[in-house]
Number of protein chains: 2
Amino acid sequence: MRTLHLTIAYDGTDFFGWQWQPAQRTVQGVLESAFEKIADPTSRAVASGRTDTGVHALGQAVNISIASRLDTATLQRALNARLPDDVVVLSVVEASDTFNAIDDSRGKRYRYVIDDSPWPDLFSRRYAWHVRQRLNVDEMHLAIQSLAGQHDFKGYESSGSQRVTTVRTIREFQVARSEYQNGERVLIEVEADGFLYNMVRNLVGTLVEVGRGKRPPTWPAEVLAAKDRRLAGMTAPPHGLYLLQVYFDE
Amino acid sequence: MRTLHLTIAYDGTDFFGWQWQPAQRTVQGVLESAFEKIADPTSRAVASGRTDTGVHALGQAVNISIASRLDTATLQRALNARLPDDVVVLSVVEASDTFNAIDDSRGKRYRYVIDDSPWPDLFSRRYAWHVRQRLNVDEMHLAIQSLAGQHDFKGYESSGSQRVTTVRTIREFQVARSEYQNGERVLIEVEADGFLYNMVRNLVGTLVEVGRGKRPPTWPAEVLAAKDRRLAGMTAPPHGLYLLQVYFDE
């Protein structure tokens, strides 16, 4: 028996998120089906975190154990040949038997993509949040300065999770306007040792209020200090969110 | 009665091309339906050229005549509110009564997008042609030098059209590798006074043979000189093709 560490990408549009559900199309479901056809899996597929319906991944980490002796390059080709065209296995590496994508993760990085052009770019309508008003990125940049570092992010956690602690450390937080094929995008990237439920989408929804000029750049820090989700902005929609990378000691 | 000059964009994925067809979803069909609801059209919608199934547009030109007296900004908002989310009206301007998007066109510009990464970028699978082998863009660049200018492009015309002449002038022809959000793209742009049926897709299919190293950079000029479509490369698939712009005297 071997344990594998996979890095996978998926377009979340047509999935009910990562986690297996009866009679729903999920990433875990299609990935496990592909493994069953070719590699004699001896465990479920475990992802570093469950992405919600509509959320995308460019570098999700997964562990799974298999009995097959196929080499990793052959496994990758065989999996990609069997997977639907909205999931791709980017790498397959041998891992220690104890490797676990949740427990061994030392952090994650997310990107959130906003299209703030007057009319939405059609080719990104599943891949970016369209906001009609042009955002003031300088004000958003000011706002995130007080959010980086170690804080209790309870004010940015959606209910429904049961965490021991709501303290997290944001190691990097960036917002920038960027040229894109058919216009411009506002890209928000955030890296932390871990994230609370909907934390990125709640941060983005709050920052967009600042970018729209409806709230001052000091407001997101007030929400942080108050630790009350009801004070924060809306939860940004899932289709602008990408899990970029999961970090491990290695 | 007024004649309007519209510039529209569409994602060709879910359309059976531009032209109205019974019981098929076409761009002309949905655009005329939107006009019928709000603007009392007195003519059909005419596009500068019929795009095929799957081909995209970032700047298609359309003329239509209407009885409504709504101002152009109101018309644009009302049309976009009624159009499905894969078509958008980018501009509406008043035109002379005789304006015709086909006859008055002085040229067009197309872009073709190729993803030549080892595994396809999932987020572009409807918007770029995935070619498994990394292309040699320098060789492709050499090849296009002898195609620019005025030539008889009969060798690059798919059958089924009945043109008076197959002579066209390529005013600009470029190929370049470009950074993209999740990797790289090979972008081919071509501007001409007019195009034959499938001309861009036949040129791209031929150039890709050069980029793959299967043919020398001199080969596309030989196909041109032979004027025989059977000698050229495959017709590149429609989903990498974008009508970028239509040019008019004005």
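Calculation rules
Residues numbered from 1 in each chain as written. Chains lettered and ligands numbered in written order. Predicted model: local features only at pLDDT ≥ 70, side-chain atom pairs only at ≥ 80, totals over all residues. Heavy atoms only, no water. Contact = heavy atoms within 4.5 Å. Buried area = accessible area lost by both parts, 1.4 Å probe. Salt bridge = Lys/Arg side-chain N within 4 Å of Asp/Glu carboxyl O. Polar contact = N/O pair within 3.5 Å; in protein donor to acceptor, adjacent residues only side chain to side chain. Helix = DSSP H or I, 4+ residues; strand = E, 2+ residues; numbered from the N terminus. Nonpolar A, V, L, I, M, F, W, Y, C, P; charged D, E, K, R; others polar. Expected span 1.5 Å × (residues − 1). Buried < 20%, exposed > 50% of the residue type's maximum accessible area, 1.4 Å probe, protein only. pLDDT = per-residue confidence, 0-100.

**Some thoughts on the interface of chain B and chain A**
Of the residues lining the interface, 28 residues belong to chain B; the matching set on chain A comes to 27 residues. In this assembly, chain B packs against chain A so that about 2,400 Å² is buried in total across both faces, 59% of it on carbon and sulfur atoms. Looking only at chain B, the three residues that lose the most surface to chain A are B:W119, B:F123 and B:Q181, adding up to 31% of its buried area. On the surface where chain B and chain A come into contact, there are 4 salt bridges. Between A:R125 and B:D85 there is a salt bridge, and its shortest N-O distance comes to 3.3 Å. Linking chain B with chain A are 4 residue pairs in polar contact (both at pLDDT 80 or more). Taken together, the elements giving at least two residues each to the side of chain B that touches chain A come down to β1 (2-10), β3 (56-66), α2 (72-82), β4 (87-95) and β5 (105-115) of chain B. Tallied by class, residues from the side of chain B that touches chain A come to 15 nonpolar, 5 polar and 8 charged.

**A few points about helix α1 (residues 27-38) of chain B**
All names here are of chain B. Taking 1.5 Å per residue, 12 residues should reach 16 Å; α1 reaches 17 Å between its end C-alpha atoms and fits that length. In terms of burial, α1 is a largely internal element, 9 of the 12 residues being buried. Within the sequence span of α1, burial applies to V27, Q28, G29, V30, L31, E32, A34, F35 and I38. Those residues of α1 that are buried are in contact with β1, β3, α2 and β4. N-cap assignment for α1: the residue whose side-chain oxygen lies 3.0 Å from the backbone N of G29 is T26.

**Side note on the confidence of the model for chain A**
Averaged over every residue, the pLDDT of chain A is 95; the share at 70 or more is 100%. At the level of individual helices and strands, chain A shows its lowest average pLDDT in strand β8 (residues 167-180) of chain A, which scores 94, and its highest in helix α3 (residues 137-144) of chain A, which scores 98.

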